[in-house]
Amino acid sequence: METIKEIQAYLEHCTSAELVQAMQQYETDPRAGVQKLLERVRKQQEAKKKEAERLDGLLTYERVCYEKGHTLIAGVDEVGRGPLAGPVVAAAVILPKECKIEGVNDSKKLSAAKREILAEEIKRQAVAYGIGVVSPKRIDEINILQATYEAMQQALAALEPQPTYILADAVTIPNVTIAQEGIVKGDAKSISIGAASIIAKVTRDHMMVEMAELYPNYDFASNKGYGAQKHLAAIARYGICPIHRRTFVKNFLQETKEEKKEKGNQGEVLAVREMQKKGYHILTQNYRTPYGEIDIIAEKDGVLVFTEVKMRKGSGCGEPKEAVDKRKQKRIADTAKAYLVERNLSEQDCRFDVAEILEKEGKRYFRYTENAFWIEAE
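What this report covers is the structure whose coordinates are included nearby. Think of each chain on its own: its residues are numbered from 1, step by step along the sequence as written. Local features are withheld for residues below a pLDDT of 70 in this predicted model, meaning they are given only at 70 or higher, and side-chain atom pairs are given and counted only at 80 or more; totals for whole chains, interfaces and linings count all residues. Side-chain metrics in this entry use all non-hydrogen atoms of the structure; hydrogen atoms and water are not considered.

To continue, consider helix H5 (residues 112-125). The end-to-end C-alpha separation of H5 is 20 Å, in line with the 20 Å expected for 14 residues at 1.5 Å each. Taken as a whole, H5 has its buried residues at Arg115, Leu118, Ala119 and Ile122. Buried residues of H5 fall within an arc of 115° about the axis and therefore sit on the same side. For H5, exposure combined with an orientation more than 90 degrees from the buried face picks out Ala113, Ile117, Glu120 and Arg124. Looking at the buried residues of H5, the elements they touch are strand E2 (88-94) and helix H8 (191-214). For the purposes of this entry, the term helix denotes a DSSP run of H or I that reaches at least four residues, the term strand denotes a run of E that reaches at least two, and both are numbered from the N terminus. One less than the residue count of a helix, multiplied by 1.5 Å, gives the span that helix is expected to have. Exposed residues in this analysis have more than 50% of their type's maximum accessible area, buried residues have under 20%, and partly exposed residues fall in between, with area computed by a 1.4 Å probe over protein chains only. When we speak of the arc, we mean the arc of directions from the helix axis to the C-beta atoms. Any pair of residues with heavy atoms lying within 4.5 Å of one another is described as a contacting pair.

Following this line, the structure appears as structure tokens:
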């Protein structure tokens, strides 16, 4: 009788056409190990089928181009529009007709290791690929959108042969005479754009790892120039370095304690005013204990309300209420318990709200969220 390892080796060497029949001959094998092996193979085959269907779908835009007579179709994408440091990088890739490279997808959905493997395979199979790089200094000179276009133009110019049609991720590239189409979220819809996104991402990541050796204080190898916490802390401590985008970094420099305090005071004044309009009776502000602080304590309709005030400039950091993380929630809850005990209100109905003040384009917006988070009873 064949061992399970022998059966596994046999199945692994079967062609797709042979596999169905080969598995059928082992379906009556009473051994649990054999049945587990067959189940694993079935799942693998199902995964391969789904991937084949996904890849077939990624050729939808390319096939429309094929029908129009285009065979040299360039997918174009960029990476690095959002970081505080480093260049913006674009790639253009022409794949052979009906090319299917397993795993190609929006580069953001892939692990770094998977991107590295796919980048090499894309380069191996591509009819041509080109890369464009625009420096941080140039980004500051012409703005990030124009720098993105410039990187894409460079990538296209590097192609040999030149494409007859361009599929670009979300944009129409100016000053290009070749027919083109911008596809929103194209890196997940077109295999050509997805391939370009992978080449661009891997190229830029390699550049940032090299920059990390030149400027070790900023953790570029890890954050790739984006505004991670360690990166922002390094800017506050060491200032900026030659590859920082000055027009980006000025909005992320650490505020002084006085600026933070002043901003917080302004936010609480606005929150109190808006809460009063909504019928809240303000009991106290800035209630402090050794556990922490609650910005506003109010009462409405018999419910005691503990309100955290969050104020930020712009929307790039996420919504203000998102800053109330689990640790902050616990500090607020412990402070609230102290308030209830101090005033003998342990049976009082209460909740935790968040008042949001968002500054955008010189204007302030207020939003109030009831029951913004829950604290489980201990």
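Let us now look at the pattern of salt bridges. Side chains that differ in charge, positive against negative, can pair when their charged atoms come close. Each reported salt bridge corresponds to a side-chain nitrogen of Lys or Arg within 4 Å of a carboxyl oxygen of Asp or Glu. Going through the model one piece at a time under the given rule, you end up with 24 salt bridges. For the salt bridge of arginine 54 with glutamate 51, the shortest nitrogen-to-oxygen distance reads 2.8 Å. Here arginine 54 and its partner glutamate 51 are both found in helix H3 (residues 32-57), three residues apart, which amounts to about one turn of the helix. With a relative accessible area of 26%, arginine 54 lands in the partly exposed category. The exposure class of glutamate 51 is buried, given its relative accessible area of 17%. Residues aspartate 56 and arginine 63 are paired through a salt bridge, measuring 2.8 Å at the closest nitrogen-oxygen approach.

Topologically, arginine 204 is positioned in helix H8. For the buried arginine 204, no salt bridge exists, and the shortest N-O distance to an oppositely charged side chain is 5.1 Å, to aspartate 205. Not counting the four nearest positions on each side in its chain, arginine 204 is found in contact with Val79, Gly80, Pro83, Ala85, Gly86, Pro87, Val89, Lys224, Tyr226 and Arg245. Asp and Glu are treated as the negative residues and Lys and Arg as the positive ones, with His and the ends of the chain left uncounted.

Moving on, we get to the packing of helix H1 (residues 4-12) against H3. To get an axis, a line is fitted to the C-alpha atoms, and for a helix only the part in contact is used. The angle between two axes follows their N-to-C directions and goes from 0 to 180 degrees. Two numbers describe how H1 lies on H3: the axes approach to 10 Å, and their chain directions differ by 20°. The orientation of H1 with respect to H3, classified from their angle, is roughly parallel. Here the hand of the crossing between H1 and H3 comes out right-handed. Facing H1, whose interface residues are Ile4, Ile7, Gln8 and Leu11, H3 presents Gly33, Val34, Leu37, Leu38, Arg40 and Val41. Classifying every residue of the contact of H1 with H3 by side-chain character gives seven nonpolar, two polar and one charged. Should an angle fall under 35 degrees it is called roughly parallel, over 145 degrees roughly antiparallel, and 65 to 115 degrees roughly perpendicular, with every other angle called oblique. Handedness of a helix crossing follows the sense of rotation of the near helix relative to the far helix, less than a right angle counterclockwise being left-handed and clockwise being right-handed. Each residue is assigned to one class: nonpolar for Ala, Val, Leu, Ile, Met, Phe, Trp, Tyr, Cys and Pro, charged for Asp, Glu, Lys and Arg, and polar for all the others, Gly among them.

Think of a patch as exposed residues, more than 30% relative accessible area, with no salt bridge, where like charges cluster within 9 Å and nonpolar side chains (Val, Leu, Ile, Met, Phe, Trp, Tyr) cluster within 5 Å. All accessibility values rest on the Shrake-Rupley procedure with a 1.4 Å probe; residue burial counts only the protein chains present in the view. A contiguous nonpolar patch, built from Tyr129, Ile131 and Val133 and spanning about 210 Å² of accessible area, is present on the exposed surface. Summarising the element assignment, valine 133 is placed in strand E3 (residues 128-134).

Its place among the elements puts leucine 358 in strand E9 (residues 350-360). Leucine 358 sits in the partly exposed class, given a relative accessible area of 22%. Separated by 91 residues in the primary sequence, leucine 358 and glycine 267 have C-alpha atoms spaced 9.3 Å apart.

All right, on to the sheet that holds strand E1 (residues 73-79) then. Remark on secondary structure: sheet strands pair via backbone hydrogen bonds, oriented parallel or antiparallel. Two strands pair if DSSP finds at least two bridges between them. As summarised here, the arrangement of the five strands in space is E3-E2-E1-E4-E5, forming an open sheet in which the pairing is mixed. Each edge of the open sheet is held by one strand with a lone partner, namely E3 and strand E5 (180-183). Averaged over neighbouring strand pairs, the angle between their axes works out to 20° when direction is ignored. In this sheet, E5 lies alongside strand E4 (residues 165-169) in parallel orientation, the contact comprising four bridges. In the sheet register, alanine 168 faces E5, and the bridge partner there is glycine 182.

The subject of this paragraph is the nonpolar core. Taken as a class, soluble globular proteins show a tendency for nonpolar side chains to be buried jointly. As used in this record, nonpolar core signifies buried Ala, Val, Leu, Ile, Met, Phe, Trp, Tyr and Cys residues forming a set joined through side-chain atoms within 4.5 Å. Of all hydrophobic cores here, the largest spans 35 residues; its most connected members are Val76, Leu156, Ile173 and Phe220. Grouped together as the second largest cluster of nonpolar side chains are 30 residues, Val93, Ile101, Ala119 and Ala200 included.

All right, on to the pairing of strand E7 (residues 292-300) then. Pairing geometry for strand E6 (residues 281-289) and E7, over seven bridges, is antiparallel. Following the sheet pairing, threonine 289 is matched in E7 by glycine 292. Two successive antiparallel strands, E6 and E7, enclose a turn made up of two residues.

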